[in-house]
Amino acid sequence: MRQLRRHALALGLALVACGDDAGPCDGVAGRCLAVHVSSPTIDTIDQLDLDILYGVRHDVGHTQLEGGRAVPLPVDTSIRFDDAAGALEVGVVAGGKLAGNLLGTGAASATLAPDEHATIAIVLAPPAACVDLSFYCGGDQVAGDPATLYQCDAGAVPQARGRCVHGCVINPGDDDACDGGPDPCVEGGFYCGGNKLDGDPRTLYRCAGGVGTAPMPCADGCEVRPQGTDDACF
Amino acid sequence: MRHRGNASSPAVAAVMTIAVVLLALAPAARGDDAEARALEHLDRGVAAFQAGEYTRAHREFRAAHELVPDRANPYRWLALTEMQLGDCARAVPNIAEFERRVAAADPRLAELVRLRVLCEREHATPPRPPSAPAPAPRRRLTQRAWFWPTVAGVTAVVAGGVVLGFALAGDDVSRLPPIQCGGTGCAP
């Protein structure tokens, strides 16, 4: 009878353990961002796309259940970052998809110290209509951080171009751009957009008459260099 | 004096020509009607699918398919819906029908082929282990002294565990696999 009691106790404890409410970053070594995604208008998705701007890097990640099975909202996931020194600014735009159709987007951001775990909550809302491949500040036709410039990818999550150090300028009827700030550019010099001239932070411009001309898109981003030195593509 | 009209007069010939043309066009008109109705079913099915109402979506796609059985798209939607309903057995033939009707470069194919592979993987049955020899007849399980107390104990523990599990679980949140970001980008 004593043996029976011991087995019953073990089974009870195992069942209680099944009510797992651990966070998606629990037990993870290193920097980890838990992402909680919900929506008042979307019930189910089968893929979550995440546009992730971390430090000067940018990429789009996708996550889904095995077999692409549909999953009801809310959902949790996590973004884990390789070790790097210093604080890491992370901007995330999430897009929930079902059968390839983008149902909603939302955004949030956080700053993580080394080995820090943090949580962001993203609420998905139906995406506004943006013009494919055009540039928008976050919140202007695309979900995102208002101080970050994004490129519209119709039917998919918008892609971050980069943070705007001096803010993002909305240009009705034209591409939005990162503000160049108060200092003028030097005639003939090369600058990344948002550094002394208005533009896209992943494009290199030549300064002419105080504005950027001859834009050259940088595949791996644009590096702002110290004063007196031309900026350049990575 | 004008002659009474007969079959060979131009007016009668024109009327007969129009009648013949109308008769010839009638099947085409019926076909257009079927197409239009199929499109309505398809639209309703897609809306239901996106709302997660897969049973209703399937009914609409089935109706669309019956109206235009040669069209590829209803097969695709039927297959996608059947996957959501966990019915691989019905989805796979519909994927095959869709494949037969579209070009190899059709961008919609990749997703369906991936689903078919998943179906085939999930339904691959492992080989049966060799059967063990039949055990010798023994006393009935329910006649053993420990049986009923054990059943009662296990039942109580399971019920308690389930109740506690629900109470502790609270907000039921699904978990998606993590994404790892490093120097070369992000990957699941």
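Residues numbered from 1 in each chain as written. Chains lettered and ligands numbered in written order. Predicted model: local features only at pLDDT ≥ 70, side-chain atom pairs only at ≥ 80, totals over all residues.

## Observations concerning the overall build of chain A
In terms of helices and strands, chain A carries one helix and 19 strands. Across the 234 residues of chain A, 41% fall into the buried class. Taking the intrachain contacts of chain A between residues at least 6 apart in sequence as the baseline, contacts between residues at least 24 apart amount to 47%. (Helix = DSSP H or I, 4+ residues; strand = E, 2+ residues; numbered from the N terminus. Buried ≥ 20, exposed ≤ 12 C-beta atoms within 10 Å, placed from the backbone. Contact = placed C-beta atoms within 7 Å.)

## Considering the confidence of the model for chain B
Detailed reading of the predicted model is not advised wherever pLDDT is low. All names here are of chain B. Mean pLDDT over chain B works out to 73, with 67% of the residues at or above the 70 mark. Confidence scores differ between elements of chain B, with helix α1 (residues 10–50) showing the lowest mean pLDDT of 65 and strand β2 (residues 179–182) the highest of 91. Scored below 50 in pLDDT, residues 19–30 shows zero contacts in the model against residues more than four places distant or in partner chains. The low-confidence segment residues 125–130 (pLDDT under 50) makes zero contacts with residues lying over four places distant or belonging to another chain. The complex prediction reports pTM at 0.54, with the ipTM value standing at 0.79. (pLDDT = per-residue confidence, 0-100.)

## Points about the sheet that holds strand β15 (residues 190–192) of chain A
Residues and elements named next belong to chain A. A sheet is described by the order of its strands in space; here three strands give the open sequence β15-β16-β17, paired in antiparallel fashion. In this open sheet, the two edge strands, each paired with only one partner strand, are β15 and β17 (211–217). For this sheet, the mean angle separating the axes of adjacent strands, direction not counted, is 35 degrees. (Pairing = 2+ DSSP bridges. Axes fitted to C-alpha atoms, helices over the stretch in contact; angles between N-to-C directions.)

## Some words on the nonpolar core
Residues A:Ile52, A:Val92, A:Ala94, A:Ile122 and B:Ala79 are the most contacted members of the largest nonpolar core, which totals 71 residues. Per-element accounting of this core gives the leading share, six residues, to helix α3 (residues 72–84) of chain B. Among all residues touching A:Ala94, those that are not within four sequence positions of it are A:Val37, A:Leu48, A:Leu50, A:Thr105, A:Gly106, A:Ile122, A:Leu124 and A:Val157. (Core = buried A, V, L, I, M, F, W, Y, C linked by C-beta atoms within 7 Å.)

## Observations regarding the packing of helix α2 (residues 54–67) of chain B against α3(B)
All names here are of chain B. Taken N-terminus to C-terminus, the directions of α2 and α3 make an angle of 155 degrees; their axes are 9 Å apart at the nearest point. As summarised for this structure, α2 and α3 are arranged roughly antiparallel, according to the angle between their axes. In this structure, α2 meets α3 at a crossing whose hand is left-handed. Facing α2, whose interface residues are Tyr54, Ala57, His58, Phe61, Arg62, Ala64 and His65, α3 presents Pro74, Tyr75, Trp77, Leu78, Thr81, Glu82 and Gln84. Within the contact of α2 with α3, the residues separate by chemical class into eight nonpolar, four polar and two charged. (Parallel < 35°, antiparallel > 145°, perpendicular 65-115°, else oblique. Left-handed = near helix turned anticlockwise from the far one by under 90°. Nonpolar A, V, L, I, M, F, W, Y, C, P; charged D, E, K, R; others polar.)

## So, the environment of A:Leu149
Residue and element names in this part refer to chain A. Structurally, the position occupied by leucine 149 is in strand β11 (residues 148–151). Residues leucine 149 and valine 169, 20 residues apart in the sequence, show an inter-C-alpha distance of 9.0 Å. In this structure leucine 149 touches Phe135, Cys137, Arg161, Gly162, Cys164, Cys168, Asp176, Ala177, Cys178, Asp200 and Pro201, once residues within four positions along its chain are discounted.

## Quick word on the pairing of β11(A)
Residue and element names in this part refer to chain A. In this structure, strand β10 (residues 135–137) lies alongside β11, joined through three bridges in antiparallel fashion. From the neighbouring strand, tyrosine 136 faces β11, where its bridge partner is tyrosine 150. Of the pairings in the sheet, the one linking β11 to strand β12 (residues 159–163) comprises four bridges and is antiparallel in character. Paired with threonine 148 across the bridge in β12 is arginine 163.

## Quick notes on unusual backbone geometry
Residue and element names in this part refer to chain A. Here the bond from leucine 73 into proline 74 is cis, since omega is 5 degrees, no more than 30 degrees from zero. Along the polypeptide, proline 74 turns up in the loop between β5 (71–72) and β6 (75–81). Backbone geometry at alanine 99 places phi at a positive 50 degrees, although glycine is not the residue there. Residue placement: alanine 99 occurs in the loop between β7 (88–98) and β8 (101–112). Positive phi, normally seen in glycine, also occurs at alanine 214, with a value near 45 degrees. For alanine 214, the position within the fold is in strand β17. The exposure class assigned to alanine 214 is exposed, which follows from the 10 C-beta atoms found within 10 Å.

## So, the packing of α3(B) against helix α4 (residues 88–101) of chain B
Residue and element names in this part refer to chain B. Relative orientation of the contacting elements α3 and α4 amounts to 155 degrees, with a least axis distance of 8 Å. By the angle between their axes, α3 is roughly antiparallel relative to α4. Relative to α4, α3 is oriented so that their crossing is left-handed. Here Ala72, Tyr75, Arg76, Leu78, Ala79, Glu82 and Met83 of α3 lie close against α4, whose contacting residues are Arg90, Ala91, Asn94, Ile95, Glu97, Phe98 and Arg101. Here the contact of α3 with α4 is composed, by residue class, of eight nonpolar, one polar and five charged.

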